[in-house]
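Here is what each chain is made of, one letter per residue.
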Amino acid sequence: MSEDLFARGEQIRTEVLGPEYVAASTAGTDAFSEPMRAFAIRNLWGDVWARPGLDRRARSIVNLAILSSANRAGELKTHVRAALNNGLTREEIGEIFLQVALYSGIPAGSEATRVARQTFAEIDAANK
């Protein structure tokens, strides 16, 4: 079962985050970090992201709210890209961060907005 979860997780992770991200993440893994990467792929991606209760778009909304509220800028940047891959618009992402600002504080919402703007600029530059 563990190998099934890993394979399913790697597939979902690649679809959501993109093959370039997954390849870079895998290449950057060493013996110390491999157990954490495998744990996340099996449990987070292979189990939770595969559950039928929420679609990927909804899961992206939840992730953006949680990561921005927790001030996890590195992961937030990754999940801004994932949210776009999962069908959210830039405007919807901005609305999520306004909601975060009300419930988690303006610094959290402002930082999330800054991270998203930076990510959008990188995406736009790569697409020129």
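Above this text you will find the structure in question.
Because the structure is predicted, anything quoted here is derived from the model rather than measured.

Reading guide: rules and limits
- Residues numbered from 1 in each chain as written.
- Predicted model: local features only at pLDDT ≥ 70, side-chain atom pairs only at ≥ 80, totals over all residues.
- Heavy atoms only, no water.
- Salt bridge = Lys/Arg side-chain N within 4 Å of Asp/Glu carboxyl O.
- Helix = DSSP H or I, 4+ residues; strand = E, 2+ residues; numbered from the N terminus.
- Buried < 20%, exposed > 50% of the residue type's maximum accessible area, 1.4 Å probe, protein only.
- Expected span 1.5 Å × (residues − 1).
- Arc of directions from axis to C-beta.
- Contact = heavy atoms within 4.5 Å.

1. Points about the pattern of salt bridges
For the structure on display, the rule yields nine salt bridges. Residue Arg37 pairs with Glu10 through a salt bridge whose shortest N-O separation is 3.6 Å. Of this pair, Arg37 sits in helix α3 (residues 34-48) while Glu10 sits in helix α1 (residues 2-17), and the two are 27 residues apart along the sequence. Given a relative accessible area of 18%, Glu10 falls into the buried group. When the shortest N-O distance is used, the salt bridge between Arg90 and Asp124 registers 2.7 Å. Residue Arg90 is found in helix α6 (residues 90-104), and its partner Asp124 is found in helix α7 (residues 106-126); the two are separated by 34 residues along the sequence. Three or more residues are tied together by salt bridges with common partners; here these are Glu10, Arg13, Glu34 and Arg37.

2. Observations concerning α7
Between its first and last C-alpha, α7 extends 30 Å over 21 residues, near the 30 Å set by a 1.5 Å rise per residue. Among the residues of α7, those classed as buried are Ala108, Gly109, Ala112, Val115, Ala116, Thr119, Phe120 and Ile123. Angular distribution of buried residues about the axis of α7 spans 140°; they occupy a single face of the element. Of the residues in α7, the exposed ones pointing more than 90 degrees away from the buried face are Ile106, Pro107, Arg117 and Ala125. Those residues of α7 hidden inside the fold are in contact with α4 (56-69), α5 (73-85) and α6.

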